[in-house]
Amino acid sequence: FENVVSMEDLSAEDVLSFIHEAQDFKAGKQIALKRPVYAANLFFESSTRTHTSFEMAERKLGLQVVNFDPSNSSLSKGESMSDTVKTFQAIGVDLVAIRDKQNEYYKDLIADPNVHVGIANGGDGSGQHPSQSLLDMMTIYEEFGHFEGLKVAIVGDLTHSRVARSNMKVLTMLGAHVYFGGPKKWYTEEFAKYGEWMPIDDLVEEMDVMMFLRVQHERIADDENGSFSAEKYHAQYGLTAERESRMPQRSIIMHPAPVNRGVEIADELVECDKSRIFEQMHNGVFVRMAIMTSMLRNRDLIKEEY
Ligand code: CP
């Protein structure tokens, strides 16, 4: 791919191909480059996992990583994202991973005839999070070996979630059945098109995958945050030990993280036997290696794959 910015650009075959390539990297696959290749991770919005995971993926592929610290950059002098990206291109960077709070920030960059760097979207506002979605799909595929007929619940702060938007579409495309849970006010028409809402007490007994979402306080209005009670949320919509005890034997728990421990999921369940939360993060490195490799391949920068 020239760029990897949205799950909406990927077919089912593309998704499976990314998963298989990521599995190859997990099993030890390596690549050799035709020349030194440079990458930069331009995170205009905060991140721990996606940022470090892209950097780890780039280093494992043999790319040279150029640092960028937005708080000490010329953004503080009013420089735009577009000029920042063009600056990295001008100094010789080939590929960038970008996160920004603006939905679809990548559209202007891709349409700009003066931008040639490969762009991997590390998350745009409440829009898309393709690398997270691919690592989620890889984790589900590793567990069940297929998607057809699987029941997957997406539970929590749907409105603000780029993970929900990416995953509900790709899961449906891959043949899984999507359900939703959490506060009804966040289950809007946009989500109803992809699956029904069910109470958490029913979901835990029926689902193969319980995928919880973080309550995104930074995107929620102050008055709503002011009336938010972590205890009430956990009791009404969260995964308690009692609910976990009613989940089917083969079912798994997922969360893109960071987790509000004790809110979406009881603290002690974050690392329980059914939890794949840290395996998701582990798989993220290999998925991001696959994403960067697809852009390297597109630019004919790979000498050998072995
Ligand atoms: N899952 C995820 O995107 O985490 P970060 O915000 O830490 O990158």
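Basis of the calculations
- Residues numbered from 1 in each chain as written.
- Predicted model: local features only at pLDDT ≥ 70, side-chain atom pairs only at ≥ 80, totals over all residues.
- Heavy atoms only, no water.
- Helix = DSSP H or I, 4+ residues; strand = E, 2+ residues; numbered from the N terminus.
- Expected span 1.5 Å × (residues − 1).
- Core = buried A, V, L, I, M, F, W, Y, C linked by side-chain atoms within 4.5 Å.
- Buried < 20%, exposed > 50% of the residue type's maximum accessible area, 1.4 Å probe, protein only.
- Domains from an automatic or database assignment.
- Contact = heavy atoms within 4.5 Å.
- Pairing = 2+ DSSP bridges.
- Right-handed = clockwise from strand over helix to strand, strands pointing away.

## A look at helix H12 (residues 277–298)
Structural remark: α-helix, 3.6 residues per turn; residues separated by three or four positions point the same way. Relative to the 32 Å expected for 22 residues at 1.5 Å per residue, H12 spans 32 Å between its end C-alpha atoms, a close match to the ideal helical length. Looking one or two residues past H12, aspartate 300 carries a phi angle of roughly 55°, positive in sign.

## Some remarks on the nonpolar core
Counting 66 residues, the largest nonpolar core has Val15, Ile140, Ile154, Leu158 and Leu296 as its most contacted members. No other element matches H12, which puts 9 residues into this core. Shared between two domains, this core holds at least three residues of each, these being domain 1 (7–127 + 282–305) and domain 2 (130–276). With residues up to four places along the chain from it excluded, the contact list for isoleucine 154 reads Ala164, Asn167, Met168, Val178, Tyr179, Phe180, Gly181, Met211 and Leu213. Counting 20 residues, the second largest nonpolar core, distinct from the first, contains Val204, Phe212, Met247 and Ile265.

## So, the pairing of strand E5 (residues 118–124)
Summarising burial for E5: 7 of the 7 residues are buried, a large majority. In terms of strand pairing, strand E4 (residues 95–100) meets E5 through 5 bridges, oriented parallel. Note that in E5 the partner of aspartate 100 across the bridge is aspartate 124. You can see the chain leave E4, run along helix H4 (residues 106–111) and come back into E5, and the turn it takes is right-handed.

Any functional reading would require information that these geometric values do not contain.
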